[in-house]
Amino acid sequence: SDEPGFDSIQQSTLHTDTCMYFAQRFSSWTASHLQYKKDLQRRPNVQRSSKSMSNDVGVPGTPLFRFGVVADVQYADREPDKAEKDIYYREAIPTLQKAIDAFGRRGDVGKVVHLGDIVDGNETVEKTKQDFDDVLEAFEEFGRLGMHVYHVLGNHCFRVPRDHLLERLGLQEHPYYAMQLHEGWRLIVLDTTDLSLCAWPEGSSQHQEAQKYAEERPVEDHPEMVSWNGGLRKGQLDWLRAQLCEAEAVGEKCIVCSHHPLAAGCARPTHMSWNGQEIMEVLVSSPSFVAAFHGHDHQGGYAEYGGKHFTTVEAIVECPPESVAYGIVEVYPSCLVIHGAGTVTSRTLHFA
């Protein structure tokens, strides 16, 4: 594909006029953020059914554009453990191929997001690297069909050595990034392994920071603080705020993708991002933010806060071989329509 991996939006230096805009927006952004927190305390923690979400995908008209979503391929050339039920490691690549074929037949899906966990991990590092090579070869078919894939980092990805993983995915410089999906629409890809125990070498400053963060939040009181979850460190969180503010300044709407779910209710508590609540509050406070897509919790899920949507996409690795698992997202001026196939749920997400 000729699609650039990173454009001028990527961690850009804000222009002077945009910076002036930030100064004007700061006080109103803070006020809306505080009001949101007050409103959050007064309403139920999660709204699973509301006027802004339905399973009716009958939206008239022509979409502005479409993109594809797949989650948790988690391929491994091995059998599941005895305790693992409804896991199809070896069948994951054929299931991914079905999604590739479906997107390719349509001819109108130019971009695809994989929501993390490209491999599961095998008995040895060498076997895991071979699994990684095999699944990347399958992903290369997207490019041959004229589609560009955007990868999200997940916890299982780091069964592959970090440097090798990032280099092969083209993420060695920017594990989190932003780019233009379409005119007026920005994709923001977060790295929720940034603050984690799985993504950094033991003894590194990043690993030590994650250890300290986890020790201060016992898992008995914080079910999300398990070793397979993670979150954003301060630098990435500040970058996210800047991206949202810049998008608002230029009139763009934002779709955010992360491996770990961010909003309570869109996944099980044991599968949430470590600091998902903080990230979610930043997102919901931004007028530019519309919706977020996640992987990680294989059974999928959904939550809505203040008209902003958080969807967890069902995993390829738990898709029975006779079925399929992918979604095509149609973007309209006032809603997103997720056309789920097979085990992936269809939804219509309305926004202002």
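Everything below is about the structure shown above.
This one's a predicted model, so the numbers in the text were calculated from it and none came from an experiment.

Criteria and thresholds
Residue numbers run consecutively from 1 along every chain, following the written order of its sequence. Under the rules for a predicted model, residues below a pLDDT of 70 receive no local features and side-chain atom pairs below 80 are neither given nor counted, while totals for whole chains, interfaces and linings still include all residues. Note: side-chain values were computed over all heavy atoms of the structure, leaving out hydrogens and water. The distinction between a cavity and a pocket rests on a 1 Å grid over the protein atoms alone: a 1.4 Å probe fits inside a cavity but cannot get out, while a pocket stays open yet meets protein on both sides within 12 Å along at least five of seven lines, and a residue with an atom within 4 Å of a point counts as lining. Grid points are joined across faces, edges and corners, and a volume is the space filled by probe spheres set on the points. When residue character is reported, Ala, Val, Leu, Ile, Met, Phe, Trp, Tyr, Cys and Pro are called nonpolar, Asp, Glu, Lys and Arg charged, and the others, Gly included, polar. In DSSP terms, a helix is any run of H or I states spanning at least four residues, a strand is any run of E spanning at least two, and both are numbered starting from the N terminus. Think of it in three bands: with a 1.4 Å probe and only protein chains considered, a residue is buried below 20% of the maximum accessible area for its type, exposed above 50%, and partly exposed in between. Any two residues having at least one pair of non-hydrogen atoms within 4.5 Å are treated as being in contact. Here the arc refers to the directions that run from the helix axis out to each C-beta atom. Two aromatic rings, drawn from Phe, Tyr or Trp (for Trp, its six-membered ring), form a pair once their centres lie within 6.5 Å of each other, and the interplanar angle then sorts them: stacked below 30 degrees, edge-to-face above 60, tilted otherwise. Only lysine NZ and arginine CZ atoms are considered, and such an atom sits over a ring when it is within 6 Å of the ring centre and within 35 degrees of the ring normal. We call two strands paired when DSSP finds no fewer than two bridges between them. A crossover counts as right-handed when, viewed with the strands pointing away from the observer, the path leading from the first strand over the helix to the second turns clockwise.

(A) Local environment of empty space enclosed by the protein. With the rule as written, the count across this model stands at one cavity of 30 Å³ or more. Space inside the largest cavity adds up to approximately 40 Å³. Its residues assigned to classes, the lining of the largest cavity shows three nonpolar, three polar and two charged.

(B) Up close: the environment of F67. Residue placement: F67 occurs in strand 2 (residues 65-70). A residue is classified by how much of its surface remains accessible, and F67, at 1% relative accessible area, is buried. When the C-alpha atoms of F67 and H148 are compared, they prove to be 9.9 Å apart, with 81 residues separating the residues in sequence. Not counting chain neighbours up to four residues away, the residues in contact with F67 comprise V109, K111, L181, I255, F293, G327, I328, V329 and V331.

(C) Here's a closer look at helix 5 (residues 205-215). Among the residues making up helix 5, those that are buried are Q206, H207, A210, Y213 and A214. For helix 5, the angular spread of buried residues about the axis comes to 120 degrees, placing them on one side. Of the exposed residues in helix 5, the ones pointing more than 90 degrees away from its buried face are S205, K212 and E215.

(D) Representation of the packing of aromatic side chains. The full count for this structure, using the stated rule, is twelve aromatic pairs. Clustering of aromatic rings is evident, with ring pairs tying together F65, F67, W185, F293 and F351. Here the basic side chain of R78 rests over the ring of Y89, its NZ or CZ set 4.4 Å away from the ring centre.

(E) Spatial organisation of the pairing of strand 3 (residues 111-114). Side-chain alternation along strand 3 places K111 and V113 on one buried face and V112 and H114 on a second face that is also buried. Where strand 2 lies against strand 3, three bridges are found, and the strand directions are parallel. Within strand 3, the residue paired with V69 across the bridge is V113. As for the winding sense of the linkage, the β-α-β connection from strand 2 through helix 2 (residues 92-106) to strand 3 is right-handed. One ladder, built from four bridges, connects strand 3 with strand 4 (residues 148-151); its direction is parallel. When the bridges of strand 4 are listed, H114 appears paired with H151. The handedness of the strand 3 to strand 4 crossover, carried by helix 3 (residues 125-144), is right-handed.

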